[in-house]
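# Structural features, examined
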Amino acid sequence: MDRIFLFDLGDVLVEFLDDYDLYNKLNCKISYDEFLPYWWGDDLVIKAHMGLAIDDEHVEALLKFCKSDLSISEFYEMYNNLDKSLYNDTVQIINELKNKGYKVGLLSNLRLMDYKRYEEQIKKIDFDYVFLSYEMKCIKPSKDIYLQVINKLNCEANNIIFFDDNEKNVEGAKAVGINAYQVTGKNIKEVFNKII
């Protein structure tokens, strides 16, 4: 069976969210050092990524934690207007793979609000598969998310080539037999050319 290529979204397909820019636009009354671990690791944030908490709930908690004066609707308006630039090299690689007849997909830890924010960008690319954590009820690097992907693709794990910027996600994929590589949109072409 032909190989199937999967790509992470953040910092692989799209440029990474500028956390400091977000922090400033939130009008936080707490320090950046307090904000960052909450934004990435609070239990409610993680549950939202797993589709186990609604975005309004976790955004409301975020605004309260940050002592921000933004409303939930103002947050979404601001969030949806942050930079959403695609990495040209990643898009070019995906298009080349499609032209050669390979199947390509997206595998990303996303909340529903993240999907809505990137939906237009994602739809610009002719993905054969889209695997999103909030729909799958689990997140990378959990074994379950990779097993779901393998099951859905109905292939051997070693037929999957996966690109992710996070080392833990790469190691989690490798642990179930997926060929995974740690890359960003800035160096993906160099890595891709070595393995293909």
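These remarks concern the structure in this document.

The rules behind the values
Counting of residues starts from 1 at the beginning of each chain's written sequence and follows it residue by residue. It should be noted that, the model being predicted, local features are given only for residues of pLDDT at least 70 and side-chain atom pairs only at 80 or more, the latter also being counted only at that level, while totals for whole chains, interfaces and linings use all residues. The side-chain quantities take in all heavy atoms of the structure and omit both hydrogens and water. Cavities and pockets were defined on a 1 Å grid built over protein atoms only: a cavity is a set of grid points that admits a 1.4 Å probe from which the probe cannot escape, a pocket is an open set flanked by protein on both sides within 12 Å along at least five of seven lines, and lining residues are those with an atom within 4 Å of any such point. Grid points are joined across faces, edges and corners, and a volume is the space filled by probe spheres set on the points. Each helix is a run of DSSP H or I of at least 4 residues and each strand a run of E of at least 2, with the numbering of both proceeding from the N terminus. Amino acids are sorted into nonpolar (Ala, Val, Leu, Ile, Met, Phe, Trp, Tyr, Cys and Pro), charged (Asp, Glu, Lys and Arg) and polar (every other residue, Gly among them). As a rule, the C-alpha atoms of each element are fitted with a line to give its axis, helices using only the stretch in contact, and angles between N-to-C directions run from 0 to 180 degrees. Here the angle decides the label: under 35 degrees means roughly parallel, over 145 means roughly antiparallel, 65 to 115 means roughly perpendicular, and every other value means oblique. By convention, the crossing between two helices is left-handed when the near helix turns anticlockwise from the far helix through less than a right angle, and right-handed when the turn is clockwise. Contact criterion: two residues are considered in contact whenever any of their non-hydrogen atoms come within 4.5 Å of each other. To estimate the expected span of a helix, count its residues, drop one, and scale the result by 1.5 Å. Between buried and exposed lies partly exposed: a residue is buried under 20% and exposed over 50% of the maximum accessible area for its type, with that area taken using a 1.4 Å probe on protein chains only. Summarising the geometry, the arc corresponds to the directions from the helix axis toward the C-beta atoms. Here a polar contact means two N or O atoms within 3.5 Å. Within protein one must be a hydrogen donor candidate and the other an acceptor candidate, and residues neighboring in sequence count only if both atoms are side-chain atoms. We define a nonpolar core as any set of buried Ala, Val, Leu, Ile, Met, Phe, Trp, Tyr and Cys residues linked to one another through side-chain atoms lying within 4.5 Å. Aromatic pairs are defined between Phe, Tyr and Trp rings, using the six-membered ring for Trp, whenever the two ring centres lie within 6.5 Å; interplanar angles under 30 degrees are classed as stacked, those over 60 as edge-to-face, and all others as tilted.

Vacant regions in the atomic arrangement are exposed by a probe of water-molecule size rolled over the atoms. By volume, the largest pocket amounts to about 630 Å³. Together, 26 residues line the largest pocket, and Phe16, Trp40, His49, Asn109 and Asn169 are the ones closest to its centre. The set of elements that each furnish at least two residues to the lining of the largest pocket consists of α2 (32-41), α3 (43-49), α7 (112-123) and α10 (167-175). Broken down by element, the lining of the largest pocket gets its largest block of residues, three residues, from α7. Per-class residue counts for the lining of the largest pocket are eleven nonpolar, six polar and nine charged. Taken as a whole, the second largest pocket encloses approximately 200 Å³ of empty space. Taken together, 13 residues line the second largest pocket, and the ones lying closest to its centre are Asp55, Tyr76, Leu112, Met113 and Lys116. With three residues, α7 is the largest single contributor of residues to the lining of the second largest pocket. Among the residues making up the lining of the second largest pocket, the classes are represented as seven nonpolar, two polar and four charged.

Between helix α5 (residues 72-80) and α7, whose axes approach to 10 Å, the crossing angle comes to 45 degrees. The orientation of α5 with respect to α7, classified from their angle, is oblique. Crossing angle aside, the handedness with which α5 passes α7 is right-handed. Contacts between α5 and α7 involve Phe75, Tyr76, Tyr79 and Asn80 from the first element and Met113, Asp114 and Arg117 from the second.

Look at helix α4 (residues 55-66): 16 Å from first C-alpha to last across twelve residues, which is about the 16 Å you get at 1.5 Å a residue. The complete set of buried residues in α4 reads Asp55, His58, Val59, Leu62, Leu63 and Cys66. The arc that holds every buried residue of α4, seen down its axis, measures 140 degrees, which confines them to one face. Seen from the buried face of α4, the exposed residues on the opposite side, beyond 90 degrees, are Glu60 and Lys64. On the buried face of α4, the contacting elements are α2, α3, α5 and α7. Positive backbone phi, approximately 55 degrees, marks Lys67, located one or two places after α4.

What follows deals with the side chain of Asp114. Looking at the secondary structure, you find Asp114 in helix α7. Separated by 2.8 Å, the side chains of Asp114 and Arg111 make a polar contact.

One recurring pattern in soluble globular proteins: nonpolar side chains tend to sit buried together. Phe5, Phe7, Leu9, Leu13, Leu97, Phe127 and Phe163 are the most contacted members of the largest nonpolar core, which has 28 residues in total. For this core, the element with the most residues is helix α6 (residues 88-99), which contributes four residues. When residues no more than four places from it in sequence are discounted, the contact partners of Leu97 are Phe5, Phe7, Tyr102, Val104 and Phe192.

This part is about the packing of aromatic side chains. What the rule picks out here adds up to 19 aromatic pairs. Seen from their ring centres, Phe16 and Trp40 are 5.8 Å apart, and the 5 degrees between their planes marks the pair as stacked. Linking Phe16 in the loop between β1 (4-7) and α1 (19-25) with Trp40 in helix α2, this pair joins segments that are 24 residues apart in sequence. Each ring, one from Tyr20 and one from Tyr32, has its centre 5.0 Å from the other, and the planes form 85 degrees; the classification is edge-to-face. Here Tyr32 lies in helix α2 and Tyr20 lies in helix α1, a separation of twelve residues in the sequence. For Tyr32, a relative accessible area of 23% puts it in the partly exposed group.

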